[in-house]
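Listed below are the residues making up each chain.
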Amino acid sequence: MSDKTEHPELPQAFAALGVRNSVLKGLAELGYITPSEIQSLLIPKALTGVDLLGQARTGTGKTAAFGIPILCGAEKGRGVQALILTPTRELAVQVDEEIRRIAKHTPIRCISVYGGQKIRGDIIALETNPEIVVGTPGRVIDLLDRRMLWLDDIRFMVLDEVDRMLDIGFRDDIRNILTRLKGMRQESGEANSSGAPQGHQTIFVSATFTEEIERLARRYMREPVEKLVAPGADDKPTVENVEQGYYSVQPWDKYRLLRALLKQEQPDLAIVFCRTKHGAEKLANSLTHDGISCREIHGNLRQSKRDQVMKGFKHGKFDVLVATDLASRGIDVAGISHIINYDAPEDPEVYVHRIGRTARMGAGGKAFTFITREQGDELTRIENMINMIIPPLTIDGFEHRQPPEQRGAPVAPPPVAAEPTVSPKNGMRLGAKMPLRRRRR
Ligand code: AMP
């Protein structure tokens, strides 16, 4: 086959937004034909140079929405021109990878820097003179303090997941970095360089913008700031594409239930969420021992190991990833078919974040949650937040057992007195939107 026939056609819909040819080639190779809603809104505006607040749901192509204009504006060999801050290491890696893929046919280089690994590696990476740096705030400050990273040439300043970035814990770090930028407005609203025009464009993107976060973000931006909201971004978190259900289970039966569920579902790619690092470790060990192809990701692992696990997961090297919330934030892997909340989250927002790992870019997915007798309130809070009833499910042939110390006594009734059981097979659409009513538990 000749070379020519192998080149996919350049995506005209992106060309119409003003995207350069070399970037279009990367997009074509990735199979990005149509811009997502946030991309259609953000790319042309960003190319005009105004400061932007972009709001869109997780998994709707935000990375490319800010990455593409940066790649169109960056110039080879002119120093670090874009700094992208992310709240977690995993997200930094992911954003870096996405930008590198899109940049494949451009001369622009992107690197990621984050804590938890030797700073020497970052220094070597910076010596390659990248034009784009993606990083977590702590490591970026460290590199700035060591004078390994300079912000003199910055033309694009991006904060990803700005709602988390401006969370109390990060505010000082963000202020520290942003106020080092030339011409950056101080929090008082005064320009810090004798009113000189700002030398860079600021883009803040997020799934949500509370009033407070927006007010804070605007302090670092140059008016007139354009706020772009992708249709549906303001809705309650959308989890409608995800089939959802819960299983009533006692703590001592959870592992058996998980095994039965994995056997029933045969997931292509599943994430099993645990509340603690230790729990995740133990569970992954048991699954591995029982011959299930799985890995674990949590804060007890070295960063290099975490990166390696994520890479393996992306490439489908194993089927089940056992994860804690922190380590999984920002995980964006196409084709995650199942989310299993082995430990139900206490915070309903965490539930939405977890199940948002599946059903990316409009694809479907399933989310199952294990609920113990004590967790009825947690379930109700989740249901209130997503404005849906999550139906109870059972697995054919799965029997609840007595606590280990009472084995031999008659079997107790199911732990959570639930409404009539529906199983995914009986045709009812799980998690269908319906008015909330009191659940009898
Ligand atoms: P993000 O919201 O940036 O995490 O992106 C979610 C997923 O959508 C990622 O796997 C991207 O590679 C993918 N993606 C982003 N833009 C497009 C597009 N225009 N067409 C198809 N896939 C896309």
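What comes next is a walk through the structure. Keep in mind that what you see is a predicted model, and the values were worked out from it rather than measured. (Residues numbered from 1 in each chain as written. Predicted model: local features only at pLDDT ≥ 70, side-chain atom pairs only at ≥ 80, totals over all residues. Heavy atoms only, no water.)

### So, the overall build of the protein
- Within the protein, the regular secondary structure consists of 17 helices and 13 strands.
- Within the protein, buried positions represent 52% of all 441 residues.
- For the protein, the proportion of contacts with a sequence separation of at least 24, taken over those separated by at least 6, is 74%.
- Looking at the protein as shown, the accessible area adds up to about 20100 Å², and 50% of this sits on carbon and sulfur atoms. (Helix = DSSP H or I, 4+ residues; strand = E, 2+ residues; numbered from the N terminus. Buried < 20%, exposed > 50% of the residue type's maximum accessible area, 1.4 Å probe, protein only. Contact = heavy atoms within 4.5 Å. Areas by Shrake-Rupley, 256 points an atom, 1.4 Å probe, with all protein chains shown as cover.)

### Focus: the nonpolar core
- Core analysis: the biggest nonpolar cluster contains 40 residues, and V19, L42, F66, I68, I84 and I132 have the highest contact counts within it.
- Among the secondary structure elements, those contributing two or more residues to this core are helix 3 (21-30), helix 4 (37-47), helix 5 (62-73), strand 2 (82-85), helix 6 (89-102), strand 4 (132-135), strand 5 (156-159) and strand 6 (201-206).
- Looking at which element gives the most residues to this core, the answer is helix 5, with seven residues.
- Beyond its immediate sequence surroundings of up to four residues, F66 is in contact with L42, I84, V95, I99, V158, D160, I203 and V205.
- Of all hydrophobic cores here, the second largest spans 34 residues; its members include I119, L126, I154 and F204. (Core = buried A, V, L, I, M, F, W, Y, C linked by side-chain atoms within 4.5 Å.)

### Regarding the sheet that holds strand 12 (residues 338-341)
- Here six strands make up an open sheet; going across it, the order is 8-13-12-9-11-10 and the pairing parallel. Of all strands in the sheet, those with a lone pairing partner are strand 8 (242-248) and strand 10 (294-297), marking the two edges. Recorded for the sheet is a direction-independent mean angle of 20° between the axes of neighbouring strands.
- Two elements, strand 12 and strand 13 (residues 365-371), share four bridges in a ladder whose sense is parallel. (Pairing = 2+ DSSP bridges. Axes fitted to C-alpha atoms, helices over the stretch in contact; angles between N-to-C directions.)

### Digging into the side chain of K254
- Within the element layout of this structure, K254 appears in helix 12 (residues 254-265).
- A distance of 3.0 Å separates the side chain of K254 from the backbone oxygen of Y342, its partner in a polar contact.
- For K254, the contacting residues outside a window of four places in its chain are V249, Y342, D343, F370 and T372. (Polar contact = N/O pair within 3.5 Å; in protein donor to acceptor, adjacent residues only side chain to side chain.)

### Re the environment of R109
- With respect to the element layout, R109 can be found in the loop between helix 6 and strand 3 (110-113).
- The class of R109 is partly exposed, set by a relative accessible area of 38%.
- Through-space distance from the C-alpha of R109 to that of L71 is 9.4 Å; in sequence the pair is 38 residues apart.
- Leaving out residues up to four positions away in the same chain, R109 has contacts with K76, T128, N129, P130, E131 and I132.

### Notes on the packing of aromatic side chains
- Within the structure shown, the criterion is met by four aromatic pairs.
- Between Y247 and F370, the aromatic rings sit 6.2 Å apart at their centres with planes inclined by 90°, giving edge-to-face as the arrangement. Here Y247 is found in strand 8, whereas its partner F370 is found in strand 13, with 123 residues between them in sequence.
- With a relative accessible area of 2%, Y247 lands in the buried category.
- With a centroid separation of 5.5 Å and 25° between ring planes, the pair formed by F313 and F318 is classed as stacked. For the pair F313 and F318, one class covers both residues: buried.
- Taken together, the ring pairs in this structure connect Y247, Y342, F368 and F370 into an aromatic cluster.
- Lying over the aromatic face of Y342, K254 brings its terminal NZ or CZ to 5.2 Å of the ring centre. (Phe/Tyr/Trp six-rings, centres within 6.5 Å; stacked < 30°, edge-to-face > 60°. Lys NZ or Arg CZ within 6 Å of the ring centre and 35° of its normal.)

### Concerning unusual backbone geometry
- A cis amide bond links E223 with the next residue in sequence, P224, at an omega value of -5°.
- The topology assignment puts P224 in the loop between helix 11 (211-218) and strand 7 (226-229).
- Despite not being glycine, Q266 has its phi angle at roughly 45°, a positive value.
- Mapped onto the secondary structure, Q266 falls in the loop between helix 12 and strand 9 (270-273).

### Some words on the sheet that holds strand 6
- Spatial strand order, 3-4-2-5-6-1-7: seven strands in an open sheet with parallel pairing. Taken across any chain shown, the strands that pair with only one partner, and hence form the sheet edges, are strand 3 and strand 7. Sheet twist, expressed as the mean angle between neighbouring strand axes with direction ignored, is 15°.

### Some remarks on the pattern of salt bridges
- Scanning all chains against the criterion turns up 26 salt bridges.
- A salt bridge links R101 to E98; its shortest N-O distance comes to 2.7 Å. Residue R101 and its partner E98 are located together in helix 6, separated by three residues, close to a single helical turn.
- Residue R101 is classed as partly exposed on the basis of its relative accessible area of 38%.
- By relative accessible area, E98 is classed as buried at 10%.
- Residues R275 and E378 are paired through a salt bridge, measuring 3.9 Å at the closest nitrogen-oxygen approach. (Salt bridge = Lys/Arg side-chain N within 4 Å of Asp/Glu carboxyl O.)

### Regarding the environment of R155
- Positionally, R155 belongs in the loop between helix 8 (137-145) and strand 5.
- Here the alpha-carbon distance between R155 and G199, two residues 44 residues apart in the chain, equals 6.2 Å.
- The residues touching R155, leaving out its near neighbours within four places in the chain, are G73, A74, E75, Q81, G199, H200 and Q201.
- Within the structure, R155 has its side chain in polar contact with the side chain of E75 (distance 3.4 Å).

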